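Here is how the chains run, residue by residue.
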Amino acid sequence: MNILTGMLFVFLCMGSFCGNSAAQSTESVSEQITQLNRTGKWLEAEGLAQKYLSSAASKSIEQKCGVINSLSYSLIKLKRIADHLLKH
């Protein structure tokens, strides 16, 4: 198993433990990121997710999980997940 496959597994497992009770505004951000990913705009999806996660607004674990799952997909498509994990 290579590092990208392993990291994808970790992020998907994280997502399975998160509930679906995210606030409407976060669902909107998650939906926007998902739509960007679906259309191959992975760099834009990554930027939106990073901006959301670094914002000062408080977020529940469910909100963070939804965005992190979408971010992980973007990073895998960009093959930058290892770089991201090393920074955090």
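Quick caveat: nothing in here was measured; it's all calculated off a predicted structure.

## Comments concerning the environment of Gly40
Here is step 1 of the chain: Within the secondary structure, Gly40 is located in the loop between helix H2 (24–38) and helix H3 (42–54).
Here is step 2 of the chain: Gly40 gets classed as partly exposed once you look at its relative accessible area, which sits at 33%.
Here is step 3 of the chain: Between the alpha carbons of Gly40 and Ser74 there is a distance of 8.8 Å; along the sequence they are 34 residues apart.

## Concerning the environment of Leu36
Here is step 1 of the chain: Note on placement: Leu36 falls in helix H2.
Here is step 2 of the chain: Leave out the neighbours within four places in its chain, and Leu36 touches Lys41, Trp42, Glu44, Ala45 and Leu48.

## Quick word on the packing of H3 against helix H4 (residues 61–78)
Here is step 1 of the chain: In contact at an axis separation of 9 Å, H3 and H4 are set at 145 degrees when each is read in the N-to-C sense. The two elements H3 and H4 meet at a crossing, and its hand is left-handed. Listed contacts from H4 to Trp42, Leu43, Ala45, Glu46, Ala49, Gln50, Tyr52 and Leu53 of H3 are Gln63, Lys64, Val67, Ile68, Leu71, Tyr73, Ser74, Leu75, Lys77 and Leu78.
Here is step 2 of the chain: By residue class, the composition of the contact of H3 with H4 is 12 nonpolar, three polar and three charged.

What counts, and where the lines are drawn
- Residue indices follow the written sequence of each chain, beginning from 1 at its first position.
- Thresholds applied to this predicted model are a pLDDT of at least 70 for local features of residues and 80 or more for the giving and counting of side-chain atom pairs; totals over whole chains, interfaces and linings are not thresholded and use all residues.
- Hydrogens are left out, water is left out, and the side-chain values use all remaining heavy atoms of the structure.
- Helix and strand definitions follow DSSP, with helices as H or I runs of at least four residues and strands as E runs of at least two, each counted in order from the N terminus.
- Throughout this description, buried means an accessible area under 20% of the type-specific maximum (1.4 Å probe, protein chains only), exposed means over 50%, and partly exposed covers the range between.
- In what follows, a contact means two residues having at least one pair of non-hydrogen atoms within 4.5 Å.
- Comment: axis = line fitted to C-alpha atoms, over the contacting stretch for helices; angle = value between 0 and 180 degrees taken between N-to-C directions.
- Rotating anticlockwise by less than a right angle from the far helix to the near helix defines a left-handed crossing, while the corresponding clockwise rotation defines a right-handed one.
- Residue polarity follows a fixed list, in which Ala, Val, Leu, Ile, Met, Phe, Trp, Tyr, Cys and Pro are nonpolar, Asp, Glu, Lys and Arg are charged, and the others, Gly among them, are polar.

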